[in-house]
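Each chain is listed here by its residues.
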Amino acid sequence: MSRSVETGPVLSAVTADDVDLAVRLAVGVLRDAPADGWAGKAGSLEWDCWETVEHLANDLFYYAVQLGPQSPPLDTHVPIALSRERPDGPTVFLHAERDAGPAGLLQVLEACGALLVAMMRTTSPQVRAHHAAGVADPEGFAALGVVETLVHMHDVAEGFGLAWTPPSALCSRVLVRLFPEAPGGGDPWLTLLWATGRGELPGHPRLTTWRWDSTPRS
């Protein structure tokens, strides 16, 4: 049964401004991260904090790139080669220069976020492009980028011991857009963590597998 998260006013679509906000909030928190903690594990992930932020930057870059071709492919992603630095590390399109340190990594994150924001603002809402969770429209890619930012920041914040609680309205919009079957009526941030396998809700055990739905809404 579908649901909507109750936040008062009718929820608006996920926009480029939401992506921009999520990335700006993330970078603001990460600027306070201790310089010697980037090699520590990111929450429940098998990646360290550097790898997780690098993965996040790649996610944002990936979503922007899918919307770039004049006729985006619908059956597979734009064929940019993937690589990984170690067997258990994330697969990525691009790496941040290690010699540039955490400040350089955050610049890469900001730049990749800006690419997705720019593509959102210049791409027709009628455009469709490939994603494994369903052929998506620009709003779908914006929502994917916001969720990636919010939940991976949760992972990294846990690794560093930093506080991270994103705006409820932002969480609500992406829940409605990508997780229409998630339970409603609760705290949107806690529900988003549950929907992405990172927490429990009363009456709803922690998920061991989860998926989102990036297909356009009518």
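What you are looking at is a predicted structure, and each value in this text was computed from that prediction instead of being measured. (Residues numbered from 1 in each chain as written. Predicted model: local features only at pLDDT ≥ 70, side-chain atom pairs only at ≥ 80, totals over all residues. Heavy atoms only, no water.)

**Q** Go over the overall build of the protein with me, naming the residues and quoting the values.
**A** Regarding its fold elements, the protein presents 6 helices and 0 strands. In terms of C-alpha radius of gyration, the protein reaches 17 Å, essentially the compact-globule figure of 17 Å for 218 residues. For the protein, the spread of C-alpha atoms along the three principal axes comes to 50 × 45 × 30 Å. Considering the protein as a whole, with its 218 residues, one finds that 51% of them fall into the buried category. The long-range share in the protein, meaning contacts at least 24 apart out of those at least 6 apart in sequence, stands at 70%. Approximately 10400 Å² of the protein is accessible, and the part contributed by carbon and sulfur atoms is 54%. Averaging the locations of the 15 positively and 26 negatively charged side chains of the protein gives two centres separated by 4 Å. (Helix = DSSP H or I, 4+ residues; strand = E, 2+ residues; numbered from the N terminus. Rg over C-alpha atoms; globule rule 2.2 N^0.38 Å. Buried < 20%, exposed > 50% of the residue type's maximum accessible area, 1.4 Å probe, protein only. Contact = heavy atoms within 4.5 Å. Areas by Shrake-Rupley, 256 points an atom, 1.4 Å probe, with all protein chains shown as cover. Lys, Arg positive; Asp, Glu negative; His and termini not counted. Charge placed at Lys NZ, Arg CZ, Asp CG, Glu CD.)

**Q** Would you mind going over the environment of Lys41 in detail, with residue names and values included?
**A** Within the fold, Lys41 resides in the loop between α1 (16–30) and α2 (49–66). The exposure class of Lys41 is partly exposed, given its relative accessible area of 48%. Lys41 sits 111 residues away from His152 along the chain, and the two C-alpha atoms are 12 Å apart. Residue contacts for Lys41: discarding those within four places in its chain leaves Glu46, Trp47, Asp48, Cys49 and Gly159.

**Q** Any chance you could break down the packing of aromatic side chains for me, citing the residues and the numbers?
**A** Inspection of the entire model under this criterion finds 9 aromatic pairs. Centroid distance Trp38 to Trp50: 6.2 Å. Interplanar angle 80°. Geometry classified as edge-to-face. Within this pair, whereas Trp38 is found in the loop between α1 and α2, its partner Trp50 is found in helix α2, the two being separated by 12 residues in sequence. Side by side, Trp38 and Trp50 carry an identical accessibility label, which is buried. Ring centres of Tyr62 and Phe93 lie 5.6 Å apart, and the angle between their planes is 20°; this geometry places the pair in the stacked category. Remark: Phe93 occurs in the loop between α2 and α3 (101–122) and Tyr62 occurs in helix α2; sequence separation between them is 31 residues. By the ring-pair criterion, three or more aromatic residues cluster together here, those being Phe61, Tyr62, Tyr63, Phe93 and Phe141. (Phe/Tyr/Trp six-rings, centres within 6.5 Å; stacked < 30°, edge-to-face > 60°.)

**Q** Lay out the pattern of salt bridges with the relevant residues and their values.
**A** This model, assessed by the stated rule, comprises 11 salt bridges. Here Asp137 and Arg177 are joined by a salt bridge, their closest N and O atoms 2.6 Å apart. Of the two residues, Asp137 sits in the loop between α3 and α4 (138–160) while Arg177 sits in helix α5 (residues 168–178), which places them 40 residues apart along the sequence. For the pair Asp137 and Arg177, a shared accessibility class is recorded, and that class is buried. Note that Arg198 and Asp155 form a salt bridge whose closest N and O atoms lie 2.9 Å from each other. Within this pair, whereas Arg198 is found in the segment after α6 (188–195), its partner Asp155 is found in helix α4, the two being separated by 43 residues in sequence. Both residues of the pair, Arg198 and Asp155, belong to the buried class. Salt bridges sharing partners connect three or more residues here, namely Asp137, Glu139 and Arg177. (Salt bridge = Lys/Arg side-chain N within 4 Å of Asp/Glu carboxyl O.)

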